[in-house]
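Fold and geometry: a report
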Amino acid sequence: MKKLEAREICLSYSSERTGGTIEALRDVSFSLDPGEFVSVVGPSGCGKSTLLSIIDGLLPATSGDVLVDGKVVSAPGRDRAMVFQEASLLPWRSVLHNITFSLECHHVNGREAKERAVDLIRLVGLDGFADAYPYELSGGMQQRVNLARALAVAPELLLMDEPFAALDAQTREVMQSELLRVWETTHKTVLFVTHQIDEAIYLSDRVIVLSSRPGRIAEIVTPGLPRPRTIGMKHLPEFHALIEKIWGLVQTKAPAANPAEDAQGSRHSAGR
Amino acid sequence: MSVQNPAITTPWSPGLFRSSQRALIGFLSVATGLLIWEAVIRLKLVSPLFLSSPSAIFEAFWELTSSGELQTHAWVSFREFAVGLSLAILFGLPISILAGWSKRLGWVLQPLVSGVYAAPTVALFPLIIIFLGIGFWDKVLLVFVSGFLQLFIAITAGIRATDERWVRLARSFGASQSKLFWSIILPGALPFIMLGIRLAFGRSLVNVVVAEMLAAEQGLGYMIAYYGNTFKIANVFVALGVVAVLGVIFDQIFLLAERRLFRWRPPVS
């Protein structure tokens, strides 16, 4: 059985500014096998973060279904967990208690939650920082906590919303490798949204390329690079050819829309 | 990847040196001010009738405390203040939190509060006297009203300023409404709640003194008005000094409490 199935997802909403209807996503259909790592790339404002919100159950689709393990999704559930774009750590909670927050929401008792959080702190490489507060952590470390918090609920499906977008280039590379290491130990199914094409290729089994306004699947690309991936692969000619190919898809399929409206559209829909 | 270590304070660390240096400079500044003041009076540059001198004020303080007069008045003011502010917090805290949390309750209360808040609360005092007469409860009510308004304004704003990302996070993890309230909304608004209490405190202290100056037979405000009218300037300064010291002491307690509550915030140097 497929781990995740998206069936003809459409999303429209009325624009507060123009009063008209904006179509954000049209007939988006794809599926993920268990243990698969799939990325979604596309130009900004193409609705990729919105798609993630729909799959998480935060936002209802106008039409279409999301199925996880064959069951239709209508609200957030413990089978899915989101790693947010900004780390969104609670500043008044230590690393340990930021991680247990997700477990508290699911009524896991305190001792078990703490034990699990301690294990995860080790897994994401934050030994010794259990009692640190978010302001004491670097951006990369905050994203490690963000990842650990999502993993804590032992989700079937990990949804990642441009988690490394705010990091500097070096830290991002480190975090990509770290993510692959964690993925290989936990065997999670991952849906990873990014606007960085090289990141998508490096991490994924398949890359879903979305076009913009309305967001539609332009193509699903299979990089076919061997695993485990190494940073060196980013310099292979095949890798560059893949970047060229996806870049071409993103460029040609993106109509020349008003960029201001684009940005507003994505914010409106993602904010719900 | 590095972590900014919280400052480690050993007896000889620069941090401690700096803070003791700061205290010393502050002390010297006050002492110099007092000396200049004393000198100005001794050299008869200003008549002691208008501006008493530190030595005369100290003498007056001694007299007023040994007769017990100062303590009696201070105790009266303190009781009015403490009862009024406690009631303001007791009612203001839950009502403001609810008004920030529930949109509809906010719509009901917000215009009422804004209307009253726009007027200086002391202006309500004549009205309050008509209701309650001159005594203890009229001051309590004035303090209650001003404290309540201050809390309401700060706390409702704080609750409404809750970061959307945190709400989204809680929803994504399937948090219940009560979990959202206790783990996101309330801790997020805590700095505003503390600020509200601190502002309410300052307003209440001022209002007690002003109310006693307007209509009272006891209290520090009464002392200030009475001795001012009888040109006993030293006694006025004693009463003023007690008010100021009370304000400073409570402010320090607040700062200490904030430092303990908000250890999660980056330290401000």
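Position labels on residues start from 1 in each chain and follow its written sequence. Chains carry letters from A onward and ligands carry numbers from 1 onward, assigned in written order. Where totals are concerned, whole chains, interfaces and linings use all residues; where local detail is concerned, this predicted model gives features only for residues with pLDDT of at least 70, and gives and counts side-chain atom pairs only at 80 or more. As a rule here, side-chain values cover all heavy atoms of the structure and leave hydrogens and water aside.

**Things to note about the overall build of chain A**
Test applied: Counting from the N terminus, the helices are DSSP H or I runs at least four residues long and the strands are E runs at least two residues long. The quantity called the radius of gyration is restricted to C-alpha atoms. Its globule counterpart is 2.2 Å times the number of residues to the power 0.38. Only protein chains enter the calculation, and the probe is 1.4 Å; a residue is then buried if its accessible area is under 20% of its type maximum, exposed if over 50%, and partly exposed in between. Any two residues having at least one pair of non-hydrogen atoms within 4.5 Å are treated as being in contact. For the accessible areas, the method is Shrake-Rupley and the probe is 1.4 Å, while residue cover comes only from the protein chains on display. Neither His nor the chain termini are counted; the positive set is Lys and Arg, and the negative set is Asp and Glu. The location of each charge is read from NZ of Lys, CZ of Arg, CG of Asp or CD of Glu.
Secondary structure summary: chain A contains eight helices and ten strands in total. Here chain A has a C-alpha radius of gyration of 18 Å; the compact-globule value for 272 residues is 19 Å, and the two agree. With respect to the three principal axes, the spread of C-alpha positions in chain A is 50 × 45 × 40 Å. Every one of the 272 residues in chain A was classed for burial, and the buried ones make up 54%. Across chain A, the fraction of contacts at a sequence separation of at least 24, relative to all contacts at a separation of at least 6, is 72%. For chain A, the accessible area works out to roughly 11100 Å², and carbon and sulfur atoms hold 51% of it. Mean positive and mean negative side-chain charge positions of chain A (29 and 34 charges, respectively) differ by 2 Å.

**Side note on the confidence of the model for chain B**
Short version of the rule: Think of pLDDT as the predictor's per-residue confidence, scored from 0 to 100.
Mean pLDDT over chain B: 88, with 93% of residues reaching 70 or higher. In the predicted complex, the global pTM is 0.80; the interface-specific ipTM is 0.83.

**Remarks on the side chain of A:Ser49**
Residue and element names in this part refer to chain A. Worth spelling out the cut-off: Two N or O atoms count as a polar contact when they lie within 3.5 Å, although within protein this holds only if one can serve as hydrogen donor and the other as acceptor, and sequence-adjacent residues are included solely when both atoms are side-chain atoms.
In this structure, Ser49 sits in helix H1 (residues 48–56). What makes Ser49 buried here is its relative accessible area of 16%. A distance of 2.8 Å separates a polar atom in the side chain of Ser49 from a polar atom in the side chain of Asp161. When neighbours within four sequence positions are excluded, Ser49 is seen to be in contact with Asp161, Glu162 and Val193.

**A few points about the packing of aromatic side chains**
Heads up, the rule is: Two rings belonging to Phe, Tyr or Trp (six-membered ring only in the last case) form a pair when the distance between their centres is within 6.5 Å. Interplanar angles under 30 degrees mark stacking, angles over 60 mark edge-to-face geometry, and anything in between is tilted.
Going through the model one piece at a time under the given rule, you end up with 20 aromatic pairs over all chains. Considering the side-chain rings of A:Phe37 and A:Trp183, the 5.5 Å spacing of their centres and the 85 degrees angle between planes classify their relative orientation as edge-to-face. With A:Phe37 in strand S3 (residues 37–41) and A:Trp183 in helix H5 (residues 169–186), the pair connects residues that are 146 residues apart, well separated along the chain. With a centroid separation of 5.1 Å and an interplanar angle of 75 degrees, the aromatic rings of B:Tyr226 and B:Tyr227 are classed as edge-to-face. Given the relative accessible area of 7%, B:Tyr227 is considered buried.

**What to know about the sheet that holds strand S2 (residues 21–32) of chain A**
Residue and element names in this part refer to chain A. So the rule is basically this: Pairing between strands is defined by DSSP: at least two bridges between them are needed.
Spatial strand order, S2-S1-S4-S5: four strands in an open sheet with antiparallel pairing. Where the open sheet ends on each side, the last strands, each with one partner, are S2 and strand S5 (71–72). With five bridges joining them, strand S1 (residues 4–14) and strand S4 (residues 63–68) adopt antiparallel strand pairing. Bridging from a neighbouring strand, Glu5 pairs with Leu67 of S4.

**Details of the state of the cysteines**
Rules: Only a pair of cysteine sulfur atoms within 2.5 Å qualifies as a disulfide here.
Under the counting rule described, the total for this entry stands at zero disulfides over all chains. Of all cysteine sulfurs in the structure, the one in A:Cys10 sits closest to A:Cys46, which takes part in no disulfide; the separation is 15 Å.

**Notes on the sheet that holds strand S6 (residues 80–83) of chain A**
All names here are of chain A. Keep this limit in mind: Angles run from 0 to 180 degrees between N-to-C directions of axes, and those axes are lines fitted to C-alpha atoms, restricted for helices to the stretch in contact.
Pairing is mixed across the open sheet formed by six strands, whose spatial order is S6-S7-S8-S3-S9-S10. Two strands lie at the open edges of the sheet, namely S6 and strand S10 (217–221), each paired on one side alone. Here the average twist between neighbouring strands, direction ignored, is 15 degrees. Bridge count between strand S7 (residues 157–161) and strand S8 (residues 189–193): five bridges; the pairing is parallel. The partner of Leu159 across the bridge, within S8, is Leu191. Sheet strands touched by helix H4 (residues 139–152): S6 and S7. Its angle to S6, the strand with the most contacts, is close to 170 degrees.

**A look at the environment of B:Leu142**
Residues and elements named next belong to chain B. If you trace the backbone, Leu142 turns up in helix H6 (residues 137–160). Of the residues examined, Leu142 reaches a relative accessible area of 0% and is grouped as buried. With 20 residues separating them along the chain, Leu142 and Val122 place their C-alpha atoms 7.4 Å apart. Among residues more than four places away in sequence, those in contact with Leu142 are Thr121, Val122, Phe125, Ile128, Asn207 and Ala211.

**Focus on the interface of chain B and chain A**
The test is simple: The term buried area means the drop in 1.4 Å probe accessible area that two parts suffer when joined, counted for both and summed. Salt bridge, as used here: a side-chain nitrogen of Lys or Arg that lies within 4 Å of a carboxyl oxygen of Asp or Glu.
The partner chain A presents 34 residues to the 26 residues of chain B that form the contact. Summed over both partners, the interface of chain B with chain A comes to about 2800 Å²; 64% of that surface belongs to carbon and sulfur atoms. Along the contact surface separating chain B from chain A lie two salt bridges. A salt bridge links B:Lys179 to A:Glu104, with the shortest nitrogen-to-oxygen separation between them at 2.5 Å. On inspection of chain B and its partner chain A, the count reaches seven residue pairs in polar contact (both at pLDDT 80 or more).

**What about the pairing of S2(A)?**
Residue and element names in this part refer to chain A. Where S1 meets S2, eight bridges bridge the pair, whose relative direction is antiparallel. Across the sheet, Ile9 pairs through a bridge with Val28, a residue of S2. Between the antiparallel neighbours S1 and S2 lie six residues, among them Gly19 with a positive phi of about 80 degrees.

**Some thoughts on a nonpolar patch on the surface**
All names here are of chain B. Heads up, the condition is: Each patch is assembled from residues with relative accessible area greater than 30% and no salt bridge, linking like charges that lie within 9 Å and nonpolar side chains (Val, Leu, Ile, Met, Phe, Trp, Tyr) that lie within 5 Å.
Together, Leu127, Ile130, Phe131, Leu132 and Trp137 make up an exposed nonpolar region whose accessible area comes to about 610 Å². The dominant element in the nonpolar patch, judged by the number of residues it contributes, is helix H5 (residues 125–132), at four residues. Along the chain, Leu132 turns up in helix H5. Looking at Leu132, the relative accessible area reads 46%, which means it is partly exposed.

**Considering helix H8 (residues 177–214) of chain B**
Heads up, the rule is: Expected span, for any helix, means 1.5 Å times one less than how many residues it has. In this scheme, the bend at a residue equals the angle between the axes fitted to the seven residues that finish there and the seven that begin there.
Taking 1.5 Å per residue, 38 residues should reach 56 Å; H8(B) reaches only 48 Å between its end C-alpha atoms and comes up short. Taken as a whole, H8(B) carries its principal kink of about 45 degrees at B:Leu190; the proline B:Pro191 stands between one and four residues after it.

**Remarks on the nonpolar core**
What counts here: Grouping buried Ala, Val, Leu, Ile, Met, Phe, Trp, Tyr and Cys residues that are joined through side-chain atoms within 4.5 Å yields what is termed a nonpolar core.
One finds A:Phe30 and A:Leu191 to be the most contacted residues of the largest nonpolar core, which totals 133 residues. Examining the composition of this core, we find that 14 residues originate from one element, H8(B), more than from any other. Not counting chain neighbours up to four residues away, the residues in contact with A:Phe30 comprise A:Leu4, A:Glu5, A:Ala6, A:Leu51, A:Ile55, A:Leu191, A:Ile208, A:Ile217 and A:Ile220. Listed in part, the seven residues of the second largest apolar core include B:Ala99, B:Leu109, B:Val113 and B:Leu149.

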